[in-house]
Amino acid sequence: MTITSPHNDKLKAIRKLTQRRRERERAGRFVAEGEDLLAAADAAGWRPVHRLAAAGSGLEGDQVTPEVLASVSGLGSGTRALAVYEERWAPAPAGPLCLALYGVGDPGNVGAVLRSAQAFGAASVVLGPGCADPFGPKAVRASMGAVFTVALAHAPAQPSLLPGRTVALVAGEGPALAELGLHASDLAPVTLLIGAERDGLPAEVQAAADVTAQIPIASHSLNAAMAATVALYEMSRMPATP
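Owing to the predicted nature of the structure, the values given are computational and were not obtained by experimental measurement. (Residues numbered from 1 in each chain as written. Predicted model: local features only at pLDDT ≥ 70, side-chain atom pairs only at ≥ 80, totals over all residues. Heavy atoms only, no water.)

Visitor: Summarise the overall build of the chain; cite the residues concerned and give the values.
Guide: Looking only at helices and strands, the chain has eight helices and 10 strands in total. What you see for the chain is a C-alpha radius of gyration of 20 Å, in line with the 18 Å of a compact globule of 242 residues. Each principal axis of the C-alpha distribution contributes one length, and for the chain these read about 60 × 35 × 35 Å. By the burial criterion, 47% of the 242 residues in the chain qualify as buried. A fraction of 79% describes how many contacts in the chain between residues 6 or more apart in sequence connect residues 24 or more apart. On the chain, roughly 11,600 Å² of surface is accessible, and the fraction owed to carbon and sulfur atoms is 51%. Side-chain charges in the chain split into 20 positive and 22 negative, and the spacing between the mean points of these groups amounts to 7 Å. (Helix = DSSP H or I, 4+ residues; strand = E, 2+ residues; numbered from the N terminus. Rg over C-alpha atoms; globule rule 2.2 N^0.38 Å. Buried < 20%, exposed > 50% of the residue type's maximum accessible area, 1.4 Å probe, protein only. Contact = heavy atoms within 4.5 Å. Areas by Shrake-Rupley, 256 points an atom, 1.4 Å probe, with all protein chains shown as cover. Lys, Arg positive; Asp, Glu negative; His and termini not counted. Charge placed at Lys NZ, Arg CZ, Asp CG, Glu CD.)

Visitor: Hey, could you go over the environment of L201 for me, with residue numbers and the actual values?
Guide: Checked against the element boundaries, L201 lands in the loop between β9 (190-195) and α7 (203-208). Classification of L201 by relative accessible area gives buried; the value is 10%. With near-sequence residues (within four places) excluded, L201 lies in contact with Y102, A168, L169, V170, L193, I194 and G195.

Visitor: Tell me about helix α3 (residues 35-43), and name the residues and values.
Guide: Among all positions in α3, only L37, L38 and A41 are buried. The buried residues of α3 occupy one face: seen down the axis, they fall within an arc of 95°. Along α3, the residues that are exposed and aim more than 90 degrees away from the buried face are D36 and A43. On its buried face, α3 is in contact with β1 (29-33), β2 (50-54), β4 (81-86) and α6 (137-143). Backbone geometry just after α3 places G45 at a positive phi near 85°. (Arc of directions from axis to C-beta.)

Visitor: Any details on the environment of L37? Residues and values, ideally.
Guide: Along the chain, L37 turns up in helix α3. Between the alpha carbons of L37 and A146 there is a distance of 9.1 Å; along the sequence they are 109 residues apart. L37 has contacts with A32, V140, R141, M144, G145 and F148, leaving out every residue within four places of it along the chain.

Visitor: Describe the sheet that holds strand β8 (residues 165-169), naming the residues involved and giving the relevant values.
Guide: The six strands lie next to each other as β7-β6-β5-β9-β8-β10, forming an open sheet whose pairing is parallel. A strand with exactly one partner marks an edge of an open sheet, and here the two such strands are β7 (151-154) and β10 (211-213). Within the sheet, the average angular offset between the axes of one strand and its neighbour, ignoring direction, is 25°. Sheet topology places β8 next to β10; three bridges connect them, and they run parallel. Note that in β10 the partner of V167 across the bridge is V211. Against the sheet, helix α5 (residues 107-119) touches β5 (97-102), β6 (124-127) and β7, its axis set at about 155° to β6. Sitting on the sheet, helix α8 (residues 224-237) is in contact with β5, β8 and β9, with an inclination near 160° to β9. (Pairing = 2+ DSSP bridges. Axes fitted to C-alpha atoms, helices over the stretch in contact; angles between N-to-C directions.)

Visitor: Give me the lowdown on the layout of surface pockets, citing residues and values where you can.
Guide: Estimates place the volume of the largest pocket at around 340 Å³. Mapped by element, the contributors of at least two residues to the lining of the largest pocket are β9 and α8. A class-by-class count of the residues in the lining of the largest pocket yields 11 nonpolar, seven polar and four charged. (1 Å grid on protein atoms, 1.4 Å probe; cavity = no way out; pocket = protein on both sides within 12 Å on 5 of 7 lines; lining within 4 Å. Points joined across faces, edges and corners; volume = space filled by probe spheres on them. Nonpolar A, V, L, I, M, F, W, Y, C, P; charged D, E, K, R; others polar.)

Visitor: Outline α5, supporting the account with residue identities and numerical values.
Guide: When the terminal C-alpha atoms of α5 are compared, their 19 Å separation across 13 residues agrees well with the 18 Å that a helix rising 1.5 Å per residue should span. For α5, the complete set of buried residues consists of G108, N109, V110, G111, V113, L114, S116 and A117. In this structure, the buried residues of α5 make contact with β5, β6, α6, β7 and α8. The opening residue of α5, the one whose side-chain oxygen lies 2.9 Å from the backbone nitrogen of G108, is D106. Of the residues trailing α5, G121 is marked for its positive phi of about 80°. (Expected span 1.5 Å × (residues − 1). Polar contact = N/O pair within 3.5 Å; in protein donor to acceptor, adjacent residues only side chain to side chain.)

Visitor: Got a sec to walk through the state of the cysteines? Specific residues and values, please.
Guide: Applying the stated criterion to the full structure yields zero disulfides. C98 carries a free sulfur, and the closest cysteine sulfur to it, the one in C131, is 12 Å from it. Here C98 falls in the buried class, since its relative accessible area comes to 0%. What makes C131 buried here is its relative accessible area of 7%. (Disulfide = S-S within 2.5 Å.)

Here's what the structure looks like:
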């Protein structure tokens, strides 16, 4: 049977998930939209709680008239398919290469960080206080499917509990990251600490780091996603210690 009413209970619940972080946290669920994201979830072995598809599209899922499906979509152009998934949080941050974010409030940046973490082989991304919801619609879209493959964890109460050596990335402070000669391995894990572009890392997080380093640039700062991408690239270029 095709769903034809925007007042359908399942659609109302999905609409709440796309619009409210508190509802996602309460339900422990989130929404992914678009065939590419759903294919990424399938490839990563995620089973949807609900899967909806526009009637007549030939796609798998509960059939919904296109205009009604568009009414619950967070995309301006609507969507042909969406699905609801259970959130997954790792019990603790993992190495050998970990990325910890603090105060990164833009969901597009958080999603882009996940994409870069996947590209450069980070084992986990840690979300500290003030970070956007990685399971929010904008973050999920920006991750380009990495939300389904990169382990997510909440920041521990003490930065010292992060994996291995902690490196605070701070604009204009410390040696260049590339000069540290770090290489993340199972025996010597590394956690990169990244704060918001305007405010940087919280003072207590930077103070607790093992070392402070910078990415030398000609301008004042990079946004969090760009800084994370450059830092992860630099880490990927550092040779393993013999």
